[in-house]
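Working through the structure, step by step
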Amino acid sequence: PFTTAKLLGAAFGAGTLPLAWALTKEARGRLDAVALLPPLLLAASSTYAIWNASGLENSLFGVLLTAGMLLILREAERPQAFPWSAVMFLGLAITRPEGVVYAAVAGLVRLVLAIRARQVVVPIAKWLVVFWAPFLVYQAWRYSYFAWPFPNTFYAKVDGEDRFKPWSWGTKGWLYIRNYMSAFGIGYVLPLALVAMTGLRDRRRWLTLGLTALCALVWLWNGRDGLPDGFDPNWLAKLQLHWDKVRVGAAIFAVVAATVATLGERGAAARVLCLGQVVAGLFFVLYSGGDWMAQWRFFSYFAVPGFVLIGLGLGRLLDAVPPLGRERLGMPTLRLVTLTVFVLVIGT
């Protein structure tokens, strides 16, 4: 089992890369070199590579999640097809307990796509039956055998502690997220996720710039340092008392605004699905308070949708390069140089 788990981890991890390419193509709305970015970023990510080699469930979770997301998008175009995406998310839900949250996000997107296509009842009923019937049977068997709703490790790690305090910036969950962003410099490229959702070629670029400025202000500043002596208006004093809530609220507002802004564009469903799965992963990090193991295990589970957004954001940023810059360097050369530097920096 030890050797087999390692080999399967390598196979699932490598097999996820072409799926990430296909998912990026769906989110991009066309096929070009940008679709290669997320697979390159994943391959360069130590978190992704190490946990795929661990012999644990990480690579299985990743391949099921990515395949399920792709199938959700494909099945929306073929409503009468068998809902294989429900099978993928069923596997996800019995691989890890929080897999049901990812499945809920996918099911919601599938419902919205079905409403848009005006074919709701039969496709969605099939999806729900295929997912919930075996899932409930499995949970009934597991509960009858183990006598606990969650795996034993859940109770050993949490030990009755309520770690889910999403409005407190200094809790274990937020510290886990912030330390990951700092360790790999991901925090500095987070605006690319907004660019992936909104682009930079029309008025929505001002939304991207505004959200980036807002989040940078409330996340990097504590609401007090640097203020002139004696400058302490009542409204700011009240705001300072709830600065943690301001920070979390800014993140929620950015997610909602970016989601609304991308609707109606080509590839919007894939982008919203990716963003929703990243939010699902972050929710579990906050709920569980992070993980005690090194190399950021919990981030490996939603690395694919995360890097799809970052890679897509870089591609849309290159799309906005002025024509003069393209003529001087040539767009292929400009892309190659930029992508190489970006992948090396993030990988390092």
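Residue positions are given per chain, counting from 1 as you read along its sequence in written order. Residues qualify for local features only when their pLDDT is at least 70, as the model is predicted, and side-chain atom pairs are given and counted only at 80 or more; totals for whole chains, interfaces and linings, by contrast, use all residues. Excluding hydrogens and water, the side-chain figures rest on all heavy atoms present in the structure.

**Considering the overall build of the chain**
Under the scheme used here, helices are H or I runs from DSSP no shorter than 4 residues and strands are E runs no shorter than 2 residues, and both carry numbers assigned from the N terminus. Scanning the chain for helices and strands turns up 19 helices and 0 strands. For the chain, whose C-alpha radius of gyration is 21 Å, the value lies close to the compact-globule estimate of 20 Å for 348 residues. If one aligns the C-alpha atoms of the chain with their principal axes, the spans along those axes are about 65 × 50 × 45 Å. Burial statistics for the chain: of 348 residues in total, 46% are counted as buried. Contacts were defined at the residue level, with two residues in contact if any of their heavy atoms lie within 4.5 Å. Pairs at least 24 apart in sequence give 73% of the contacts found in the chain among residues at least 6 apart. Here the Shrake-Rupley method, with its probe set to 1.4 Å, supplies the accessible areas, and only the displayed protein chains count as covering residues. When the accessible surface of the chain is split by element, carbon and sulfur atoms take 70% of a total near 17,800 Å². In this charge count, Lys and Arg are treated as positive and Asp and Glu as negative; neither His nor the chain ends contribute. Where a charge sits is defined by one atom per residue type, namely NZ (Lys), CZ (Arg), CG (Asp) or CD (Glu). One finds the centroid of the 32 positive side-chain charges in the chain at a distance of 6 Å from the centroid of its 18 negative side-chain charges. Our radius of gyration is a C-alpha quantity, and the globule rule it is checked against amounts to 2.2 Å times the number of residues to the power 0.38. Three labels apply to residues, based on accessible area from a 1.4 Å probe with only protein chains included: buried if under 20% of the type maximum, exposed if over 50%, partly exposed otherwise in between.

**Regarding the packing of aromatic side chains**
Each Phe, Tyr or Trp ring (for Trp, its six-membered ring) is paired with any other whose centre lies within 6.5 Å, and the angle between the two planes then decides the class: stacked below 30 degrees, edge-to-face above 60, tilted in between. Tallying each qualifying case throughout the model produces 25 aromatic pairs. Summarising the aromatic geometry, the rings of tyrosine 145 and phenylalanine 146 are spaced 4.9 Å apart at their centres and angled 75° between planes, so their arrangement reads as edge-to-face.

**A short note on the packing of helix H1 (residues 2–28) against helix H2 (residues 37–44)**
Axis angle and axis distance: for two packed helices, these are the angle between their axes and the distance between the axes, and together they describe the pair. For helices, the axis comes from a line fit to the C-alpha atoms of the stretch in contact; other axes are also lines fit to C-alpha atoms, and the angle between any two N-to-C directions lies between 0 and 180 degrees. The N-to-C vectors of H1 and H2 enclose an angle of 145°; their axes lie 7 Å apart at closest approach. Between H1 and H2 lies a crossing of right-handed hand. Judged by residue contacts, Leu17, Ala20, Trp21 and Thr24 of H1 engage Pro38, Pro39, Leu42 and Ala43 from H2. When grouped by side-chain class, the residues that make up the contact of H1 with H2 number 7 nonpolar, 1 polar and no charged. Put simply, a crossing is left-handed when the front helix is turned counterclockwise from the back one by less than a right angle, and right-handed when it is turned clockwise. Ten residues, namely Ala, Val, Leu, Ile, Met, Phe, Trp, Tyr, Cys and Pro, are considered nonpolar, four, namely Asp, Glu, Lys and Arg, are considered charged, and the remaining ones, Gly among them, are considered polar.

**Structural notes on the confidence of the model for the chain**
Within the chain, residue pLDDT values average 88, and 91% of them lie at 70 or more. Looking over the chain, one finds the lowest element-wise mean pLDDT in helix H18 (residues 323–329), namely 51, and the highest in helix H5 (residues 84–95), namely 96. As a per-residue measure, pLDDT reflects the predictor's confidence and takes values from 0 up to 100.

**Observations concerning the environment of leucine 317**
Relative to the helices and strands, leucine 317 resides in helix H17 (residues 303–319). Judged by relative accessible area, leucine 317 falls into the partly exposed class, the value being 38%. Sequence-distant contacts of leucine 317, defined by excluding residues within four places in its chain, comprise Leu192, Val195 and Leu200.

**Side note on the side chain of glutamate 75**
Looking at the secondary structure, you find glutamate 75 in helix H4 (residues 58–77). Although glutamate 75 is buried, it makes no salt bridge; arginine 110 carries the closest opposite charge, 4.5 Å away. Residues in contact with glutamate 75, not counting those within four places in the same chain, are Phe82, Pro83, Trp84, Ser85, Arg110 and Trp127. What makes a salt bridge here is a side-chain nitrogen of Lys or Arg within 4 Å of a carboxyl oxygen of Asp or Glu, nothing more.

**What about the pattern of salt bridges?**
All told, the structure shown has 13 salt bridges when counted by the stated rule. With its nearest N and O atoms 2.7 Å apart, the salt bridge here joins glutamate 57 to arginine 96. One end of the pair, glutamate 57, is in the loop between helix H3 (46–52) and H4; the other, arginine 96, is in the loop between H5 and helix H6 (99–117), and 39 residues separate them in sequence. Close ionic contact of glutamate 57 with arginine 297 constitutes a salt bridge, the shortest N to O distance being 3.8 Å. Here glutamate 57 is found in the loop between H3 and H4, whereas its partner arginine 297 is found in helix H16 (residues 297–300), with 240 residues between them in sequence. Given the relative accessible area of 5%, arginine 297 is considered buried. Overlapping salt bridges, with partners in common, bring together Glu57, Arg96, Glu98, Asp291 and Arg297 in one network.

**Digging into the packing of helix H9 (residues 172–184) against helix H15 (residues 268–288)**
It is at 6 Å that the axes of H9 and H15 come closest, and there the two elements cross at 130°. One finds that H9 runs oblique with respect to H15. The handedness of the crossing between H9 and H15 comes out as right-handed. When H9 is examined against H15, the residues Gly173, Trp174, Tyr176 and Ile177 are found in contact with a partner set consisting of Leu282, Val285 and Leu286. Residues of the contact of H9 with H15, tallied by class, amount to 6 nonpolar, 1 polar and no charged. Oblique is the label for any angle not covered by the other classes, which are roughly parallel (under 35 degrees), roughly antiparallel (over 145) and roughly perpendicular (65 to 115).

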